[in-house]
Amino acid sequence: MLAFATFATFLLAAPALAAPLAPSGPPITPGGPAKLISPSTNCRTNCSLANATIALPTNQTVLTATTTAMKFAGLGVGTQNYTCNSTSLTYISSGAVAELFDVSCLVSQPSFASLQDTAFTMWTASPAPETPAALITKLGTSPTVLGQHYFVANPSGAAGTSPKWDFTSNVDAGNTNAFVIGAKTGDLPAPTGASDVDWLQLKNVEGDLATTVYRTDTRGGQPPASCTAGSPAIEVKYVAKYFLFK
């Protein structure tokens, strides 16, 4: 599993929008253990998701299975962002930012079940960042980044923001419609505990990338229980699996 953490380190060091993503892990040793996925492998092309499904918790009806085909399986690593509400003295969400990379080739493997744990351990333990150039040199190549996840103004013009998955600069570079802006249809508290952000199901409201998006297997991301008036905005590290269906 250490090999995967090394692989994840490269992705986290890559620039992501105006995001607070600046992680890195211990120095990478050339010729180290074999990686779970070769960074040069385009998983979306070489590993079919035609028959892939996701495991939803039993005894709940909040998240429902879709009948469409899985198009992308990604691991998101980033931050959930919060501001302090000076009235309630609690943190409220101001969105999230994450890098998503392709894990299609792992979906059918036993290691997939604990993928988020490995990545989260690496992410939370990351020391001062190493430059992308240094990591590329050590890895010899770059992994497949699907795209970015962040928040934008509501397409309807209503107050607030909406989550967006944007692949227009990565796996679908040049396709201006390779994005999806979602609206939440299901919100389930993480079965793993209160420190992990909720599992979600979202429907498409704009874009051609997917019709349904799931966020599952979350680790981290929840803010402290309270704040003091005037507290600065905070960024809380998290990891999650994202499944896009169309």
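Everything numeric in this text was worked out from a predicted model, so none of it was measured.

A. Representation of the packing of aromatic side chains. Enumeration over the complete set of coordinates arrives at four aromatic pairs. Judged by centre distance (6.3 Å) and plane angle (65°), the ring pair of phenylalanine 112 and phenylalanine 243 falls under edge-to-face. Pair noted here: phenylalanine 112 is in the loop between strand E2 (90–102) and helix H3 (115–124) and phenylalanine 243 is in strand E8 (residues 234–245), with a separation of 131 residues, a long-range link. It is lysine 237 that lies over the ring of tryptophan 123; its NZ or CZ is 4.3 Å from the centre.

B. Molecular detail of the pairing of strand E5 (residues 179–188). As judged from the three bridges shared by strand E4 (residues 161–166) and E5, these two strands associate in the antiparallel manner. Bridge assignment links lysine 164 to a residue of E5, and that residue is isoleucine 181. As paired elements, E5 and strand E6 (residues 199–206) share seven bridges and run antiparallel to each other. Looking at E6, one finds that glycine 182 is bridged to asparagine 204.

Thresholds applied
Residues numbered from 1 in each chain as written. Predicted model: local features only at pLDDT ≥ 70, side-chain atom pairs only at ≥ 80, totals over all residues. Heavy atoms only, no water. Phe/Tyr/Trp six-rings, centres within 6.5 Å; stacked < 30°, edge-to-face > 60°. Helix = DSSP H or I, 4+ residues; strand = E, 2+ residues; numbered from the N terminus. Lys NZ or Arg CZ within 6 Å of the ring centre and 35° of its normal. Pairing = 2+ DSSP bridges.

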